[in-house]
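Architecture at a glance
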Amino acid sequence: MVVCLHSPNSLLCVSIEASQTGCDKVIFGGNIKKKASGATMNALVATNRNFKRAAKLLGLDSKLEKSLLIPFREIKVECTIPKDDGTLASFVGFRVQHDNARGPMKGGIRYHPEVDPDEVNALAQLMTWKTAVANIPYGGAKGGIGCNPGELSVSELERLTRVFAQKIHDLIGIHTDVPAPDMGTGPQTMAWILDEYSKFHGYSPAVVTGKPIDLGGSLGRDAATGRGVLFATEALLKEHGKTISGQRFVIQGFGNVGAWAAQLISEQGGKIVAVSDITGAIKNSKGLDIPSLLKHAKEHKGVKGFHGGDPIDPKSILVEDCDILIPAALGGVINRENASDIKSKFIIEAANHPTDPEADEILSKKGVVILPDIFANSGGVTVSYFEWVQNIQGFMWDEEKVNNELKNYMTRGFKDVKEMCKTHNCDLRMGAFTLGVNRVARATVLRGWGA
Ligand SMILES: NC(=O)C1=CN([C@@H]2O[C@H](COP(=O)(O)OP(=O)(O)OC[C@H]3O[C@@H](n4cnc5c(N)ncnc54)[C@H](O)[C@@H]3O)[C@@H](O)[C@H]2O)C=CC1
Ligand SMILES: O=C(O)CCC(=O)C(=O)O
């Protein structure tokens, strides 16, 4: 038997087919670390830096600081599936459970070629602070599989999801860890995980959120992250004596979050002047017709080729002229290389960790106001919480109640963040970090160490 030890040194994006390697089995080895590429800082280094700044502002004890930083549990599993053509493909799946001091760990599962252990770790940590900022009774987790979902058929995606669920089913659960969708996954992915989990543990809809409505999903969850972005933006603008109406927006990413944000913002009179996705970028200084663009993107699987605007270089999207920039795709996109060219006055972080700490410094000197991810995109996990509550109660809320409650949480969250900014004389990112870290630290100390 020939065994091939495979240790990729950069991206964990490979789908290695055993038949292609000439080996009987492919083993993914080593402690794989993704190096920061070009101007982008490693996601975990960046997140730890923000955490440490917050810990310093709070005057946290160094031992407590260390305990909050180390993840509760890191899971790495090999997922091999037969592809539709009969060959085998192996993928690596991760679930990092960062902290459970405030409740069950909570966070999405991402399918993307650039999923790597450091990034999943960073995203799991961000979930811990995010659920605390939102003041919902959860800790933080995140998962991912290094794959390109666009290159897999629906039945391949189903097999991959079921194998992943088989490997982690004992480590997730209604009161331990509750997954949800993230980039490259959606309600159907959650339905497969629910079905696979239920084979081992009995039917348990609350084990995942972001499910299809027919399986106990919540009304309003699909739009929740985008709607939360709208409420967060309204709260920020109000403080600056402005409203959404008449502001010019640029949005990077036109998936679940970006497309819903665009729709809801344009309904409030905001002008979306440019958007991009993986297929391309388009611009119309008079404002894009969002309903037509949504129809086009659905029919053509992307924004490319939309006739209601001019094509532009997707690389320039973040530096397009606008009042408000909304990154709603990948992490680390705003970095030391492009920060000084950014023209917007406000950045609303709909994506997770879109801004490097180095870019934060540059933008702060330019007077750009950044609404940080752990508050700005917390609408998704907040409505996930409502979904979990509805499942446990066995009682479905109407959409108006979901949206009204979401608005209450986002408005209160903004007030709480601002309060911390005042207390610690800091920017909104540190306001949100100190708020989240302080709440988790308090819960940790109250629970004690079982001595
Ligand atoms: N779905 C959710 O409820 C939440 C998502 N987020 C974050 O929001 C961001 C977007 O997530 P979703 O909209 O759910 O994912 P999605 O998979 O629905 O959409 C992702 C979008 O990003 C675009 N994209 C991918 N690579 C790109 C690139 N190199 N340049 C430009 N566009 C690119 C895709 O074409 C697509 O339009 C992620 O950072 C995710 O972690 C945060 C909170 C909750
Ligand atoms: O809805 C959830 O539970 C988590 C959403 C998520 O992954 C995120 O907020 O980044």
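Residues numbered from 1 in each chain as written. Chains lettered and ligands numbered in written order. Predicted model: local features only at pLDDT ≥ 70, side-chain atom pairs only at ≥ 80, totals over all residues. Heavy atoms only, no water.

An unreviewed UniProt entry lists the chain under the name Glutamate dehydrogenase, from Populus euphratica. What UniProt states about the chain under its Sequence similarities (unreviewed entry) heading is, verbatim, "Belongs to the Glu/Leu/Phe/Val dehydrogenases family." (UniProt positions renumbered as here; feature names shortened; annotations may be inferred.)

1. Regarding the domain arrangement of the chain
It is common to give the size of an interface as the accessible area lost on bringing the parts into contact. The domains assigned to the chain are domain 1 (31–55 + 68–206) and domain 2 (225–376). If you average the C-alpha positions of domain 1 and of domain 2, the two centres end up 25 Å apart. The partner domain 2 presents 14 residues to the 19 residues of domain 1 that form the contact. Summed over the shared surface of domain 1 and domain 2, the number is zero salt bridges. (Domains from an automatic or database assignment. Contact = heavy atoms within 4.5 Å. Salt bridge = Lys/Arg side-chain N within 4 Å of Asp/Glu carboxyl O.)

2. Observations concerning the site of ligand 1
In the vicinity of ligand 1 there are 21 residues, among which Arg110, Asp182, Thr225, Ala329 and Asn352 approach most closely. In the complex, 84% of the free accessible area of ligand 1, which totals 830 Å², lies under the protein chains. Among the elements of the structure, helix 7 (221–239), helix 8 (256–267) and strand 9 (271–277) are those that each provide at least two residues to the shell around ligand 1. No fewer than three residues from each of domain 1 (31–55 + 68–206) and domain 2 (225–376) sit in the shell around ligand 1. (Near = heavy atom within 4 Å. Areas by Shrake-Rupley, 256 points an atom, 1.4 Å probe, with all protein chains shown as cover. Helix = DSSP H or I, 4+ residues; strand = E, 2+ residues; numbered from the N terminus.)

3. A few points about helix 10 (residues 357–366)
Taken together, the buried positions of helix 10 are Pro357, Ala359, Asp360 and Leu363. End-on view of helix 10: buried residues confined to an arc of 145°, all on one side of the axis. On the buried face of helix 10, the contacting elements are helix 2 (43–58), strand 13 (346–348), strand 14 (369–371) and helix 14 (428–447). Immediately beyond the C-terminal end of helix 10, within one or two residues, lies Gly367, with a positive phi of roughly 85°. (Buried < 20%, exposed > 50% of the residue type's maximum accessible area, 1.4 Å probe, protein only. Arc of directions from axis to C-beta.)

4. Comments concerning the confidence of the model for the chain
Residues at a pLDDT of 70 or more form 92% of the chain, whose mean pLDDT is 92. The complex model carries a pTM of 0.93, and its ipTM stands at 0.99. (pLDDT = per-residue confidence, 0-100.)

5. Looking at the side chain of Glu119
Residue placement: Glu119 occurs in helix 4 (residues 117–134). Glu119 gets classed as buried once you look at its relative accessible area, which sits at 10%. A polar contact is formed between the side chain of Glu119 and the side chain of His353, at a distance of 3.4 Å. With residues up to four places along the chain from it excluded, the contact list for Glu119 reads Ala43, Arg110, Glu114 and His353. (Polar contact = N/O pair within 3.5 Å; in protein donor to acceptor, adjacent residues only side chain to side chain.)

6. Examining the sheet that holds strand 4 (residues 88–99)
On the basis of which strands lie adjacent, the open sheet formed by five strands has the order 3-4-6-5-7 and mixed pairing. The sheet is open, and its two borders are formed by strand 3 (73–82) and strand 7 (177–181), each paired with just one other strand. Recorded for the sheet is a direction-independent mean angle of 20° between the axes of neighbouring strands. With ten bridges connecting them, strand 3 and strand 4 associate as antiparallel partners. In the strand pairing of strand 4, Thr80 is matched with Ser90. (Pairing = 2+ DSSP bridges. Axes fitted to C-alpha atoms, helices over the stretch in contact; angles between N-to-C directions.)

7. Description of the packing of aromatic side chains
Considering all chains together, one arrives at eight aromatic pairs under this definition. With 5.7 Å between their ring centres and 85° between their planes, Tyr138 and Tyr385 make a pair best called edge-to-face. Of this pair, Tyr138 sits in the loop between helix 4 and strand 6 (140–146) while Tyr385 sits in helix 12 (residues 379–393), and the two are 247 residues apart along the sequence. Looking at Tyr138, the relative accessible area reads 0%, which means it is buried. Its relative accessible area of 15% is what places Tyr385 among the buried residues. Summarising the aromatic geometry, the rings of Tyr385 and Trp388 are spaced 6.3 Å apart at their centres and angled 35° between planes, so their arrangement reads as tilted. Residue Tyr385 and its partner Trp388 are located together in helix 12, separated by three residues, close to a single helical turn. Trp388 gets classed as buried once you look at its relative accessible area, which sits at 10%. (Phe/Tyr/Trp six-rings, centres within 6.5 Å; stacked < 30°, edge-to-face > 60°.)

8. Thoughts on the pattern of salt bridges
Summed over the entire model, instances satisfying the criterion amount to 22 salt bridges. When the shortest N-O distance is used, the salt bridge between Asp182 and Arg110 registers 2.7 Å. You can see Asp182 sitting in the loop between strand 7 and helix 6 (187–201) and its partner Arg110 sitting in strand 5 (residues 105–112), a full 72 residues away along the chain. Residue class for Asp182 comes out buried when judged on its relative accessible area of 18%. Look at Arg110 and you get buried, because its relative accessible area is 5%. The partner of Asp321 in a salt bridge is Arg248, and the shortest N-O contact between them spans 3.5 Å. Separated by 73 residues along the polypeptide, Asp321 in the loop between strand 11 (310–312) and strand 12 (324–327) and Arg248 in strand 8 (residues 248–252) bring together distant segments of the chain.

9. Brief notes about the site of ligand 2
Neighbouring ligand 2 are 14 residues, the closest being Lys106, Gly108, Lys130, Lys142 and Ser384. In the environment of ligand 2, an oxygen atom lies 2.9 Å from a nitrogen or oxygen atom belonging to the backbone of Gly108. Protein burial of ligand 2: of its 300 Å² of free accessible surface, 95% is covered by the chains. Among the elements of the structure, strand 5, helix 4 and helix 12 are those that each provide at least two residues to the shell around ligand 2. Class assignment of the residues belonging to the shell around ligand 2 gives a composition of three nonpolar, six polar and five charged. (Nonpolar A, V, L, I, M, F, W, Y, C, P; charged D, E, K, R; others polar.)

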